[in-house]
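Inside the fold
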Amino acid sequence: MLQLLARLKIYFGPFRLFESHSFMILLSLYLSFLFSFLAIPKFSKYLPHDRGRDFAHDSTKAKGKPTGAGIIFIIIFVLVSFLVAPMTWELAIIVILTLLTMLTGYLDDTSEKPWSEYKKGLLDFILALAAAFVISYFSSTKIWLPFTKQIIEIPRIWYIVGATILIWISINTTNCSDGVDGLSGALVMFCLVTLGIFLYLIIGHSKISAYLLLPHLKEGAKWAVVDFAMVGSLMAYLWFNAYPSTVLMGDAGSRALGFFIGALVLKTGNPFLYFILSTVLLVNGGTGLIKVAFMRFLNIKIFHNTRFPLHDHVRTTRNWSNTQVMVKFIIIQLLITLGFFGLILKIR
């Protein structure tokens, strides 16, 4: 399959003339944005309509809007990735798994009866496990720790366990954070841009991979090309999802984006980056998962005075508008990222 794609690129001269990763990054970004920008309004009329969420703040405002737009911009992301990016088997499989994650979300979006949490959780687990296995097979199970020179080689089975948990958490926290126009998409876009810069400049075009004795990190520039293909698609979606939104990404978009973030973080060789680059997503959506899990399985009530996702809490108790929630949450994430990014890269 990869050989066929390589031959096809011969006939698409413009995509083969420039072998610079920086050019491919820009090409994937602009192509994804352009195609998604044209496709979303054209095909959104065929999408299912939002049913509203029980107990969600202002859920009636979203009810009836086209949802599941993830199927549009994720498909475009996949097509542009295979057309532009220098594919490896590992990268190709992760892109396909992102597509499959989108499809599971879209089937839930279109289902007359919403899928149960257990069904969705099981499907997320299977896809996360598949991604963890693929990354552990093609890459080293060594990880580098922040603040030190220390490198830890994790037994493959435990690497797969930890990677599966990380991706599963990323899928579900991103999904739970979707509920305010522009919020989830903007936070994910900020995370992906930071990851893309990290993969390209720090991992793919520096001596860090050799210094850490992790040669698989040299492929970071290739992953950055695919990363920015997703950024371009997401930018186009946000154009139509800005308040007041005309279309929603649905589970098709949020689950695929969460999966993709988790896989990219693992490819940096430093899984702890997730807690820095997705702090607001994690707190906003993840704490709600913890609250429900403690209540359902342990019959322990925690955060009983706090409404989750957290964006619902600040809208109901502090009367923040949708715009205030989005801007303030992004500012918080920006401060966290800028404050800790240099420290994570520092190797003493």
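This section reports on the structure supplied with the text.

Rules behind the numbers
Residues numbered from 1 in each chain as written. Predicted model: local features only at pLDDT ≥ 70, side-chain atom pairs only at ≥ 80, totals over all residues. Heavy atoms only, no water. Helix = DSSP H or I, 4+ residues; strand = E, 2+ residues; numbered from the N terminus. Buried < 20%, exposed > 50% of the residue type's maximum accessible area, 1.4 Å probe, protein only. Phe/Tyr/Trp six-rings, centres within 6.5 Å; stacked < 30°, edge-to-face > 60°. Lys NZ or Arg CZ within 6 Å of the ring centre and 35° of its normal. Axes fitted to C-alpha atoms, helices over the stretch in contact; angles between N-to-C directions. Parallel < 35°, antiparallel > 145°, perpendicular 65-115°, else oblique. Left-handed = near helix turned anticlockwise from the far one by under 90°. Contact = heavy atoms within 4.5 Å. Nonpolar A, V, L, I, M, F, W, Y, C, P; charged D, E, K, R; others polar.

Details of unusual backbone geometry
Residue Pro 244 is reached from Tyr 243 by a cis peptide bond, and omega for that bond is -5°. Along the polypeptide, Pro 244 turns up in the loop between helix H11 (220–241) and helix H12 (250–267). For Asn 319, which is not glycine, the phi torsion reads 60° and is therefore positive. Exposure remark for Asn 319: the relative accessible area of 62% places this residue in the exposed category.

Quick notes on the packing of aromatic side chains
Counted under the stated rule, the structure contains 10 aromatic pairs. Note on Trp 320 and Phe 329: the rings are 6.5 Å apart at their centroids and 75° apart in plane angle, and the pair reads as edge-to-face. Through successive ring pairs, a cluster of aromatic residues spans Phe 33, Phe 37, Trp 239 and Phe 240. For the cation-ring pair, Lys 119 lies above Trp 115, with the distance from its terminal atom to the ring centre recorded as 4.1 Å. The lysine or arginine in question, Lys 328, covers the ring of Trp 320, its NZ or CZ lying 4.3 Å from the ring centre.

What about helix H15 (residues 310–317)?
Those residues of H15 lying buried are His 311, Asp 312, His 313, Val 314 and Arg 315. At the C-terminal side of H15, Asn 319 shows a positive phi close to 60°.

A short note on the packing of helix H6 (residues 89–110) against H11
One can describe the packing of H6 onto H11 by two numbers: an axis separation of 11 Å at closest approach and a directional angle of 20°. The pairing of H6 with H11 is recorded here as roughly parallel in orientation. Seen along the crossing, H6 lies across H11 with a hand that is right-handed. For the pair formed by H6 and H11, the contact residues are Glu 90, Leu 91, Ile 94, Val 95 and Thr 98 on the first element and Lys 222, Trp 223, Val 226 and Met 230 on the second. Broken down by class, the residue content of the contact of H6 with H11 amounts to six nonpolar, one polar and two charged.

Some points on the environment of Tyr 30
Checked against the element boundaries, Tyr 30 lands in helix H3 (residues 21–43). According to the relative accessible area criterion, Tyr 30 is exposed, its value standing at 57%. Between the C-alpha atom of Tyr 30 and that of Phe 228, which follows or precedes it by 198 residues, the distance is 9.0 Å.

A word on the environment of Leu 310
When you line up the elements, Leu 310 lands in helix H15. Remark: the alpha-carbon pair of Leu 310 and Gly 288, spanning 22 residues in sequence, is separated by 7.8 Å. Setting aside chain neighbours within four positions, we find Leu 310 in contact with Val 283 and Asn 284.

Purely spatial values, then, with no claim about function.
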